[in-house]
Amino acid sequence: MEYMKELPEIFSLTEEYRGLGDGLSPEMKAIREAVEAIPAEYLPGSAEELLPRWEKILGLKGAGNLSERRFSVLSRLAGLRPYTIARLRQQLSAAMGEGKFTAEVDPENFLLRVEVEAGSEHLLSAMSRELRRMIPSNIELETAAGGREETGVFQGAVMAVTDRLRISVHENE
């Protein structure tokens, strides 16, 4: 009855669902085992040997270190333009990991500011490249790497801006 564990508890009270669960248990077990048997090499977020194949399929150049290349592949696979900050954060979480970045929008100045945590600076160029591809052209992009600095007297944030792009479109009169 492994099938029943996948459903809300209320279904276990219905005889039809219990009967269905008895019949589907072997299939559900087989599907779960098949998914667990997929080697990490086939998934773009953990591929090494097959990463060039992913890049070729997606039309990427394959420049940068392993983390940057994986980020580029995952970003391209995400494929949907993140026209909301929530969607952008979701895509960045999938590509970089939860809590390894901050993304803020300043709508009055048409500015998108994305900062990666210290130790992830190597992802900045790949991230900037993908963000330029994803965001609308009237948005200014600012990327940075930051971290916490502590001394006996002062505690603050350190920020190094590594990329800033402004694109303006003017109509011809």
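Read on for a plain summary of the structure.

## Here's the deal with the packing of helix 4 (residues 66–78) against helix 6 (residues 124–134)
Inference 1: Packing of helix 4 against helix 6 brings their axes to within 8 Å, and their N-to-C directions diverge by 20 degrees. Comparing their axes, helix 6 and helix 4 come out roughly parallel. Between helix 4 and helix 6 the crossing geometry is right-handed. Between helix 4, through Glu68, Phe71, Ser72, Ser75 and Arg76, and helix 6, the contact on the second element is made entirely by Ser125, Ala126, Met127, Arg129, Glu130, Arg133 and Met134.

## What to know about the environment of glutamate 41
Inference 1: Along the polypeptide, glutamate 41 turns up in the loop between helix 2 (15–36) and helix 3 (51–58).
Inference 2: Linking glutamate 41 and leucine 51, residues 10 residues apart in sequence, is a C-alpha distance of 8.4 Å.
Inference 3: With sequence-adjacent residues up to four places away left out, glutamate 41 is seen in contact with Ser46, Ala47, Glu48, Glu49, Leu50 and Leu51.

## A few points about the pairing of strand 1 (residues 101–106)
Inference 1: Taken together, the six bridges between strand 1 and strand 2 (residues 111–117) define a ladder with antiparallel strand orientation. Counted as the bridge partner of glutamate 104 is arginine 113 from strand 2.

## Some thoughts on empty space enclosed by the protein
Inference 1: A full pass over the atoms with the stated rule returns one cavity of 30 Å³ or more.
Inference 2: Taken as a whole, the largest cavity encloses approximately 60 Å³ of empty space.
Inference 3: Contributing to the lining of the largest cavity are Phe71, Ser75, Ala78, Leu88, Gln91, Leu92, Ala95, Met127, Glu130, Leu131 and Met134.
Inference 4: Looking at the lining of the largest cavity, the elements with two or more residues in it are helix 4, helix 5 (85–96) and helix 6.
Inference 5: Broken down by class, the residue content of the lining of the largest cavity amounts to eight nonpolar, two polar and one charged.

## Quick look at the nonpolar core
Inference 1: Among the nonpolar cores identified, the biggest contains 18 residues, and Phe71, Leu92, Met96, Val114 and Met127 are the most heavily contacted of them.
Inference 2: Those elements that provide at least two residues to this core are helix 5, strand 1, strand 2, helix 6 and strand 3 (140–150).
Inference 3: With residues up to four places along the chain from it excluded, the contact list for phenylalanine 71 reads Leu92, Ala95, Met96, Leu123, Ala126, Met127 and Glu130.

## Let's talk about unusual backbone geometry
Inference 1: In this model, phenylalanine 110 sits at a positive phi of 50 degrees, which is unusual for a non-glycine residue.
Inference 2: In this structure, phenylalanine 110 sits in the loop between strand 1 and strand 2.

Thresholds, definitions, all that
Residues numbered from 1 in each chain as written. Predicted model: local features only at pLDDT ≥ 70, side-chain atom pairs only at ≥ 80, totals over all residues. Heavy atoms only, no water. Axes fitted to C-alpha atoms, helices over the stretch in contact; angles between N-to-C directions. Helix = DSSP H or I, 4+ residues; strand = E, 2+ residues; numbered from the N terminus. Parallel < 35°, antiparallel > 145°, perpendicular 65-115°, else oblique. Left-handed = near helix turned anticlockwise from the far one by under 90°. Contact = heavy atoms within 4.5 Å. Pairing = 2+ DSSP bridges. 1 Å grid on protein atoms, 1.4 Å probe; cavity = no way out; pocket = protein on both sides within 12 Å on 5 of 7 lines; lining within 4 Å. Points joined across faces, edges and corners; volume = space filled by probe spheres on them. Nonpolar A, V, L, I, M, F, W, Y, C, P; charged D, E, K, R; others polar. Core = buried A, V, L, I, M, F, W, Y, C linked by side-chain atoms within 4.5 Å. Buried < 20%, exposed > 50% of the residue type's maximum accessible area, 1.4 Å probe, protein only.

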